[in-house]
Structure formats: C-alpha cells, structure tokens
Amino acid sequence: MIQFWYHRYMLYPQNSLSALADETPREGLLFKMQWPDQKVGYADFFPWPELGDMQVDAQLDELRRGHISTLLEQTIWLARKDALLRAEKKNALTESMKIKNHFLVNDFTQITDLNLNEIKSAGFSTIKVKVGRSWKDEIEWINQVLRKHSFTCRLDFNSKGDPATFERMMSVLAPGLKQRIEFVEDPFPWDFEAWSDASKIAPLALDQEYKNVNWREHLQNMPFKVIVIKPARQDVEEAVKYAVMRQLKMVITSSMDHPVGIAHAVRVAAELKKQYTTQVLECGCLSVKSYKLNDFSTKMIIQGPYLTQIMGEGIGFDQVFQSLNWTPVQFDIKGK
Ligand code: MG
C-alpha cells in the first residue's frame, strides 16, 4: 500500500488566466508518497473545478475512503517516476533532451509591444494566446502582433467559442497571416461535423475535448492535426497511442499548475521527444509566469523558452520539500 502525505498550497494568478478562469487564487495539493519498496516521490495535484474536477477537500475525502480519481492516478504515476529517479540519485532535467516551449499569453491586454520584443529576443518563436473572451479585440491584437513580429501563433478557446464566432474571427485575419496560425485549440465543444467544417478554415488541436472524442467510432481522419497531452490530467500512454495511430502531432503541456507539475510535464515531454522526435512539437510547459512567484518557482532556472535546471534529485526542489509541513492521509476504509 502506498503511504500518502499532502501539503496544501495556493497559487495567485498574475492576471486573468483564460476564458475559463479569472484572477481568483487557486488551491492545490502537493503529495509525497512512499511505496512498500521504501522509494519516495513527489507530485502535484491541481484540480480544475471549471473542467468538472471535485474541489480539493472533496478529493481528499475520496482518497481517505480509498477512492482514487483519474486526476490522482496521474499524480501517483508521476510521483512514481520521481521516486525512481530519486532512488538512482538522478536529476530529471540534467540528463534529458531540452524541450522548447511556446510563450503563453493568458491575457493579451497585459502584453505590450516592448514585452513582445523581449519575448522574441529571449528566444521564443511561438506564442499561444488564450482567446474566447472578446473576439473582436483579440483578433485585432493578433493581427497587429503578427504584422509586426515574426512569431508563429497558437490560439486556445478553451471550448468557449462557437462555430460562427470562429469563422468570423478567422475571416478578419489579415491576408498572408493565416498560415502563421499553427493551430486553434478547442475552438468550441467537440462535435465531429462542426469540427470538420472548422478544420477547413484553420488547423485544429484537441485538448480538453479529448475526453469527448470517441476514437473507436470515428475511424476516418480526425478533424484535428494536433493532440495536446497533459501528463497531470491524462493517461499519457493511451493518448500517445492515439496520436501514433492517427499520425497526429503532440504538444505536451502543463495543467497551468504548481511548479512541481511543470517540472513533471517537462520531464515527460523530454521522454516523448526522445522517442517521437518529429511528432512532438514545441511544448507548453512554461506556465510559471501565470502566477506570482513562490518558493518553488524561484528554484527553477529558465532560459528563454527552456526550463533548464532545478537543483536536487528527481524533479528537484529537495530543500523546499523538506521544509514543508506534510499531513499524513489517514484511510477510513470502513467508510467505504
Ligand atoms: Mg487548451
């Protein structure tokens, strides 16, 4: 049986996060786990109630009753990876391939032209813009940015758009700029026919709508070119299997979670990139700046689009982990 300890934390957004979430502080848990073979590993647990996850306290109650949610399954999977690296005294990042990431624009109103110049000179070649809040302003900004700067652009509606808005938005994109839209993620809720129509306008990427796709039913070509894989939320092996079967490109991203989640996402991205070199595109793990700095994010060494180092064993952060208060999870199996 695995022993669990948790540490509760809050993340404070710098500004509005997406069409799903504003500046409200977000709660999550860090987990420390020990296996019967004595190996110890750490991983993050960051529910998104906006996506249907239970809140932290309800999740803890479920765990005490011995119920493991899909989200917690991923936490355990990642913590085990960390434990194996720690047992061998290896660091997750120093020995892995370098993973290039896009620059995440949660709230375009906060990004100036000067910022964009800095982002460019830091080495980023792709920006991902969260859209779906005010499409006319958004597309005007995107038009301006693409005219002035040489970025490739990814757009993410977080399923908050609709087919008509999507079509209108794409139609006002200035001529010649459209091919610089690498893909549009979750333009609106999954519907095979509607997505097929939209895919004729711009390449699409599947992220949160993954859970609504019936892979067995649709044996013909899927109306998306890219699958976004979030190791914190998804069975990675299964998603990779679909990507390989359908020759889809993969983008590995964080769940806009705690730095511990980011470190794990980068490690998984590096493992996949090694195996599927051309199929794994630039990733989206660098969401650190979405939140105010904390004791963990200040330990990350970031050089432009790359997370290059976190001191310690496994995913790192050894000293910070040791300084935290950990609460043991007491199982209440009779309540089962
Ligand atoms: Mg997304």
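Before reading further, recall that the structure is shown in the block above.
Counting of residues starts from 1 at the beginning of each chain's written sequence and follows it residue by residue. This being a predicted model, a pLDDT of at least 70 is required before a residue's local features are given, and a value of 80 or more before pairs of side-chain atoms are given or counted; all residues contribute to the totals for chains, interfaces and linings. Side-chain measures were taken over the full set of non-hydrogen atoms in the model, leaving aside hydrogen atoms and water.

A short note on the overall build of the protein
Thought 1: Scanning the protein from N- to C-terminus turns up nine helices and 13 strands.
Thought 2: Viewed in the frame of its principal axes, the protein has a C-alpha envelope of about 60 × 45 × 40 Å.
Thought 3: Summary of the burial criterion: residues with accessible area below 20% of their type's maximum are buried, those above 50% are exposed, and those between are partly exposed, where the area comes from a 1.4 Å probe applied to protein chains only. Per-residue burial for the protein yields a buried fraction of 56% across its 336 residues.
Thought 4: Contacts are assigned to residue pairs with any non-hydrogen atoms lying within 4.5 Å of each other. Look at the contacts in the protein between residues 6 or more apart in sequence, and 69% of them connect residues 24 or more apart.
Thought 5: His is not counted, nor are the chain ends; Lys and Arg add positive charge and Asp and Glu add negative charge. Throughout, a charge is located at the NZ atom of Lys, the CZ atom of Arg, the CG atom of Asp or the CD atom of Glu. Of the charged side chains in the protein, 42 are positive and 42 negative, and the gap between their average positions amounts to 4 Å. By definition, any uninterrupted DSSP run of H or I lasting at least four residues is a helix, any uninterrupted run of E lasting at least two residues is a strand, and each is numbered from the N terminus.

Re the packing of helix α2 (residues 70-87) against helix α8 (residues 259-275)
Thought 1: Note on definitions: angles span 0 to 180 degrees between N-to-C directions of axes, and those axes are lines fitted to C-alpha atoms, for helices only across the stretch in contact. One way to put it is that α2 packs onto α8 with a least axis distance of 11 Å and a crossing angle of 80°. One element, α2, and the other, α8, form an angle in the roughly perpendicular class. Each of Trp77, Leu78, Ala79, Lys81, Asp82 and Leu85 in α2 lies in contact with α8, whose residues at this interface are His264, Arg267, Val268 and Glu271.
Thought 2: Here the residues of the contact of α2 with α8 sort into five nonpolar, one polar and four charged. When describing relative orientation, an angle under 35 degrees is termed roughly parallel and one over 145 degrees roughly antiparallel, while 65 to 115 degrees is termed roughly perpendicular and anything else oblique. Only Asp, Glu, Lys and Arg are considered charged in this grouping, and only Ala, Val, Leu, Ile, Met, Phe, Trp, Tyr, Cys and Pro are considered nonpolar; every other residue, Gly among them, is considered polar.

Examining the sheet that holds strand β4 (residues 103-105)
Thought 1: Strands are labelled as partners when DSSP assigns at least two bridges between them. The seven strands lie next to each other as β4-β5-β6-β7-β8-β9-β10, forming an open sheet whose pairing is parallel. Each edge of the open sheet is held by one strand with a lone partner, namely β4 and β10 (249-252). On average, each strand axis in the sheet is inclined to that of its neighbour by 25°, with strand direction left out of account.
Thought 2: Of the strand pairs in this sheet, strand β8 (residues 204-206) and strand β9 (residues 226-229) are connected by two bridges, and their pairing is parallel.

Observations concerning the pattern of salt bridges
Thought 1: Criterion for a salt bridge: a side-chain nitrogen of Lys or Arg within 4 Å of a carboxyl oxygen of Asp or Glu. Under the counting rule described, the total for this entry stands at 21 salt bridges.
Thought 2: Notably, a salt bridge pairs Asp61 with Arg64, separated by 2.9 Å at the nearest N-O pair. Residue Asp61 and its partner Arg64 are located together in helix α1 (residues 56-64), separated by three residues, close to a single helical turn.
Thought 3: In this structure Asp61 comes out as partly exposed when scored by relative accessible area, which is 34%.
Thought 4: Notably, a salt bridge pairs Glu62 with Arg65, separated by 2.8 Å at the nearest N-O pair.
Thought 5: Looking at Arg65, the relative accessible area reads 31%, which means it is partly exposed.
Thought 6: The network of salt bridges with shared partners includes Lys128, Lys130, Asp156 and Glu185.

Thoughts on the environment of Pro25
Thought 1: Mapped onto the secondary structure, Pro25 falls in the loop between β1 (3-11) and β2 (26-34).
Thought 2: Considered as a pair, Pro25 and Arg246 are 221 residues apart in the sequence and their alpha carbons are 38 Å apart.
Thought 3: With sequence-adjacent residues up to four places away left out, Pro25 is seen in contact with Met10, Leu11, Tyr12 and Pro13.

Section: the side chain of His149
Thought 1: Within the secondary structure, His149 is located in the loop between α4 (135-148) and β6 (152-156).
Thought 2: The class of His149 is buried, set by a relative accessible area of 8%.
Thought 3: If we skip the residues at most four places from it in the chain, His149 touches Asp113, Leu116, Asn117 and Arg180.

Structural notes on a negative patch on the surface
Thought 1: A patch is a set of surface residues, each over 30% in relative accessible area and not in a salt bridge, joined within 9 Å for like charges and within 5 Å for the nonpolar side chains Val, Leu, Ile, Met, Phe, Trp and Tyr. Computed by Shrake-Rupley with a 1.4 Å probe, the accessible areas treat only the displayed protein chains as cover when residues are assessed. Together, Glu73, Asp235, Glu237 and Glu238 line one region of the surface with negative charge.
Thought 2: For Asp235, the location among the structural elements is in the loop between β9 and α7 (236-245).

Overview of the pairing of strand β3 (residues 40-45)
Thought 1: Most of β3 is tucked away: five of the six residues are buried.
Thought 2: Connecting the antiparallel pair β2 and β3 is a turn made up of five residues, with Gln38 showing a positive phi of about 75°.

Quick look at the sheet that holds β3
Thought 1: Taken in spatial order, the four strands make up an open sheet running β3-β2-β1-β13, and their pairing is antiparallel. Every interior strand has two partners, whereas the edge strands, β3 and β13 (327-328), have only one.
Thought 2: Relative to the sheet, α8 contacts β2 and β3, its axis offset from that of β3 by approximately 110°.

With respect to the side chain of Thr75
Thought 1: Within the secondary structure, Thr75 sits in helix α2.
Thought 2: Under the relative-accessibility criterion, Thr75 is labelled buried at 2%.
Thought 3: Under this definition, polar contacts are N or O atom pairs within 3.5 Å; protein pairs additionally need one hydrogen-donor-capable and one acceptor-capable atom, and for neighbouring residues in sequence, both atoms have to be side-chain atoms. A polar atom in the side chain of Thr75 sits 3.0 Å from the backbone oxygen of Asp44.
Thought 4: When neighbours within four sequence positions are excluded, Thr75 is seen to be in contact with Phe31, Met33, Ala43, Asp44 and Phe45.

Topic: α7
Thought 1: Buried residues of α7: Val236, Ala239, Val240, Tyr242 and Ala243, and no others. Buried residues of α7 fall within an arc of 160° about the axis and therefore sit on the same side. Away from the buried face of α7 by more than 90 degrees, exposed residues Glu237 and Met245 are located.
Thought 2: At its buried positions, α7 is contacted by α2, β9, β10 and α8. Directions are taken from the helix axis to each C-beta atom, and the arc is the one they span.

In short, geometric facts, not functional conclusions.
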